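# Working through the structure, step by step
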Amino acid sequence: MFSSAEMITITTKLLSTVIITTVLFGVLYNPKISYSEETPKKKNTPKVDVHVDINGTDTMMYSKTSFEVKSGQKVKLTFNNTGKLPKAAMGHNVVILKKSVNLIEFCTEAVKFPTEGYFPKSREKDVIGRTKLLGPGEKDEIYFTAPAPGTYEYVCTFPGHFALMKGKMIVK
C-alpha cells in the first residue's frame with residue numbers, strides 16, 4: 001500500500017506524463033494545416049500615422065492589453081509571437097472586433113475553423129483587422145484605418161486563449 005504522500009507524487013508524475021504526451025502527440029501527428037493568408041506584401045509600404053507593436057507569449061498574454069489611436073488614423077499593427085511552443089499547441093493571432101460583435105460568441109464560432117487559422121471567414125465583416133495565426137518567432141503586419149471613436153476589443157481566437165488573451169483598442 002502507498003502512503004498519501006506517495007500517491008500524490010505518483011498521481012502528479014502520471015498526470016504530467018499524460019499532458020506532455022498529449023501535447024507532443026498533437027504536435028507530431030497533426031496534419032499540415034493551411035492558415036489564413038497574411039496581409040499582402042505591397043511594393044510601396046502604406047503611409048501610417050501610428051505604429052502599434054504587440055507580442056504574444058506562451059503564457060497566453062499580450063504585451064499590451066490596450067492601445068489608443070485617433071479616429072481616421074492609418075494604423076500599422078505588428079504582431080510577434082515571442083513564444084517557443086509550436087503553433088499547433090500555442091498559436092496566436094490578433095483579431096480586432098467591431099463594436100457590435102460579441103467576443104465570446106465570435107471566439108466560440110472561431111474554434112470550429114482550425115483549417116482557417118481559427119477564423120470564420122463568413123465573419124470577416126465583423127472585424128476591423130486581423131493577423132494570421134502565428135507560430136513561435138513569426139510576425140505579421142496589418143494595416144487599417146481607425147474607426148469611429150469608441151472602445152473595440154481585440155482577441156486571440158486560438159482555442160481557449162480568449163479568456164486571457166484580449167485587449168482594448170481605444171479610439172479617440
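About the criteria used
- Residues numbered from 1 in each chain as written.
- Predicted model: local features only at pLDDT ≥ 70, side-chain atom pairs only at ≥ 80, totals over all residues.
- Heavy atoms only, no water.
- Phe/Tyr/Trp six-rings, centres within 6.5 Å; stacked < 30°, edge-to-face > 60°.
- Helix = DSSP H or I, 4+ residues; strand = E, 2+ residues; numbered from the N terminus.
- Buried < 20%, exposed > 50% of the residue type's maximum accessible area, 1.4 Å probe, protein only.
- Core = buried A, V, L, I, M, F, W, Y, C linked by side-chain atoms within 4.5 Å.
- Contact = heavy atoms within 4.5 Å.
- Pairing = 2+ DSSP bridges.
- Axes fitted to C-alpha atoms, helices over the stretch in contact; angles between N-to-C directions.
- Salt bridge = Lys/Arg side-chain N within 4 Å of Asp/Glu carboxyl O.

## Concerning the packing of aromatic side chains
Applying the stated criterion across every chain yields a total of five aromatic pairs. When the centroid spacing of 6.0 Å and the interplanar angle of 80 degrees are considered together, the rings of Tyr-62 and Phe-79 count as edge-to-face. Of the two residues, Tyr-62 sits in the loop between β1 (50–56) and β2 (66–69) while Phe-79 sits in strand β3 (residues 74–81), which places them 17 residues apart along the sequence. In this pair, the class of Tyr-62 matches that of Phe-79, namely buried. Pairing Tyr-118 with Phe-158 gives two aromatic rings, centres 5.1 Å apart and planes at 70 degrees, and the pair type is edge-to-face.

## Some remarks on the nonpolar core
Nonpolar side chains in soluble globular proteins tend to end up buried together. In this structure, Leu-77, Ile-96 and Met-169 are the most contacted members of the largest nonpolar core, which totals 25 residues. Secondary structure elements with two or more residues in this core: β1, β2, β3, β6 (139–145), β7 (150–155) and β8 (166–171). Here Met-169 is in contact with Phe-67, Val-69, Ile-96, Ile-128, Phe-144, Pro-147, Gly-150, Thr-151, Tyr-152 and Tyr-154, once residues within four sequence places are set aside. Counting nine residues, the second-largest nonpolar core is a separate cluster that includes Val-95, Leu-97, Cys-107 and Val-155.

## Description of the sheet that holds β1
Taken in spatial order, the three strands of this open sheet run β1-β3-β6, and their pairing is mixed. Taken across any chain shown, the strands that pair with only one partner, and hence form the sheet edges, are β1 and β6. Going across the sheet, the axis of each strand differs from the next one's by a mean of 20 degrees, ignoring polarity.

## Considerations on the pattern of salt bridges
Tallied over the entire structure, the rule returns 10 salt bridges. One salt bridge connects Lys-87 with Glu-138, and the closest N-O pair in it is separated by 3.9 Å. Of this pair, Lys-87 sits in helix α2 (residues 87–90) while Glu-138 sits in the loop between β5 (127–130) and β6, and the two are 51 residues apart along the sequence. Close ionic contact of Arg-130 with Glu-124 constitutes a salt bridge, the shortest N to O distance being 3.1 Å. Residue class for Arg-130 comes out buried when judged on its relative accessible area of 16%. Several salt bridges share partner residues, and in doing so they unite Glu-109, Arg-123, Lys-125 and Asp-126 into one network.

Coordinates in, geometry out; function isn't part of it.
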